[in-house]
Amino acid sequence: MLIAGTGEGVGIATMLHNLAQALTLADCAVGLSNPNPAVGCVLTTAEGALIGQGHTQKAGGPHAEIMALRDAQSQGNSVVGATAYVTLEPCSHHGRTGPCCDALIAAGIGKVVATNADPNPLVAGQGFARLRAAGVVVEVLEPDDALAQQSRALNIGFFSRMVRKTPWVRMKIAATLDGKTALNNGSSQWITTPAARADGHAWRARSCAVLTGIGTLLADSPRLDVRLVPTQRQPHVVIVDSCLRTPLDAPALIAGRAAFIYAAALNDEKKHALQARGAKVLCLPDRHIDGEPTGKVDLHAMLLDLGQREINALHVEAGEQLNGALLRANLVDELLVYLAPKLVGQGRDMASLGPLEHLEQALQMEFTSVDRIGQDLRVVARIIGRDVF
């Protein structure tokens, strides 16, 4: 493991221990801090004694560094000459809060050890530069370091939005062992066990928004909220509804959380009625090469729009048609699949992809994890190359 910076790299084992603790704290901010990155901070004396720690709070609230400084102050600990271990470069811009690098400088911090540079163009190394200009020693893990990679993975949606301008798209599917998400008659409750369903809600809670299509909305009347695990915030709702058929009493339109409905054509009366329910209705029609409308939503334009709305991670829970459209358009980054030990024969597929002529045409993925959840399997598979940005 290499440390890049102006320091001497003394006590690497201690650095790694403190950064690992900061990552544990950062994990506590996942879901809570959206759309801000989930960051953890540990403060120690120059000799290594813990004097303060914290993680990013709800958007508009204090960042990890401020929480750690406050923690140290509440215990009566001086931070002059202390070392701050953070899981992302301290911010250098005025957003919902002031720059964290300035707060660290003003507090007299002597050294900062970070896992990653901030991909936000408003920061992008400027936080480190300001710290160094103020005489603070800065050390940064090499990008291929395991802790640097874990830290980036924790905020893969934030990195995606900052670099690609679109959210990280994770498609959740519950299926039988023969790959069916429902019977031919649409019956799907319940393919997986309560343990798997609760785990799926935990992944919902980690996301900024949950997306579904009008077919699923009309067939299942889903709420798309987080109910089976504790959460401090509900994800936004995104509905792909080309012809604007969303019922005004759809359970997904729960008061108090944002809902975005993307259509290919607008009915002004229906649009105004939905917006009276608190939804934001947007028209983003897709078009053929000759410029004629297809009657479908432009899914790539939708993701760009969601990126502008500060959606980091988009959690997809849709049917085979929308799943297939997203996959065919190469807009999915990762699959979250729960497999039940059942065989049903004929039924509805995970995604409508159409026939291939050669195996080489298959969508290539790699497993990132396979775990037992109750009686079911949870498989996380990433589209090869989607995390290179």
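Above this text is the structure in question.
It is the contact of helix 1 (residues 12-27) with helix 5 (residues 146-154), at a shortest axis distance of 11 Å, that shows an interaxial angle of 10 degrees. In terms of their interaxial angle, helix 1 and helix 5 are classed as roughly parallel. Residue-level inspection shows Leu16, Leu19, Ala20, Leu23, Ala26 and Asp27 of helix 1 in contact with helix 5, the latter providing Leu147, Gln150, Ser151 and Leu154. Residues that form the contact of helix 1 with helix 5 fall into these classes: 7 nonpolar, 2 polar and 1 charged.

The next thing to look at is the nonpolar core. The nonpolar side chains of a soluble globular protein tend to be buried, and buried together. Counting 32 residues, the largest nonpolar core has Leu211, Val238, Met302, Leu306 and Leu326 as its most contacted members. Ignoring anything within four residues of it in the chain, the contact list for leucine 306 reads Pro167, Val238, Phe260, Tyr262, Ile311 and Leu314. Counting residues in each nonpolar core, the second largest holds 26 residues, with Leu69, Ala72, Phe128 and Val138 among its members.

Burial along strand 4 (residues 83-86) is two-sided: the residues Thr83 and Tyr85 and Ala84 and Val86 are all buried. Direction of pairing for strand 2 (residues 40-44) relative to strand 4: antiparallel, over a ladder of 4 bridges. Of the residues in strand 4, the one forming a bridge with leucine 43 is alanine 84. In this structure, strand 4 lies alongside strand 5 (residues 111-114), joined through 4 bridges in parallel fashion.

This part takes up the sheet that holds strand 7 (residues 168-176). Here 9 strands make up an open sheet; going across it, the order is 12-11-10-9-15-7-16-19-18 and the pairing mixed. The outermost strands of the open sheet, each flanked by one partner alone, are strand 12 (279-283) and strand 18 (365-373). Sheet twist, expressed as the average angle between the axes of neighbouring strands with direction ignored, equals 20 degrees. Two elements, strand 7 and strand 15 (residues 313-316), share 4 bridges in a ladder whose sense is parallel. What sits directly across from methionine 171, in strand 15, is valine 316.

The rules behind each value
- Residues numbered from 1 in each chain as written.
- Predicted model: local features only at pLDDT ≥ 70, side-chain atom pairs only at ≥ 80, totals over all residues.
- Heavy atoms only, no water.
- Axes fitted to C-alpha atoms, helices over the stretch in contact; angles between N-to-C directions.
- Helix = DSSP H or I, 4+ residues; strand = E, 2+ residues; numbered from the N terminus.
- Parallel < 35°, antiparallel > 145°, perpendicular 65-115°, else oblique.
- Contact = heavy atoms within 4.5 Å.
- Nonpolar A, V, L, I, M, F, W, Y, C, P; charged D, E, K, R; others polar.
- Core = buried A, V, L, I, M, F, W, Y, C linked by side-chain atoms within 4.5 Å.
- Buried < 20%, exposed > 50% of the residue type's maximum accessible area, 1.4 Å probe, protein only.
- Pairing = 2+ DSSP bridges.

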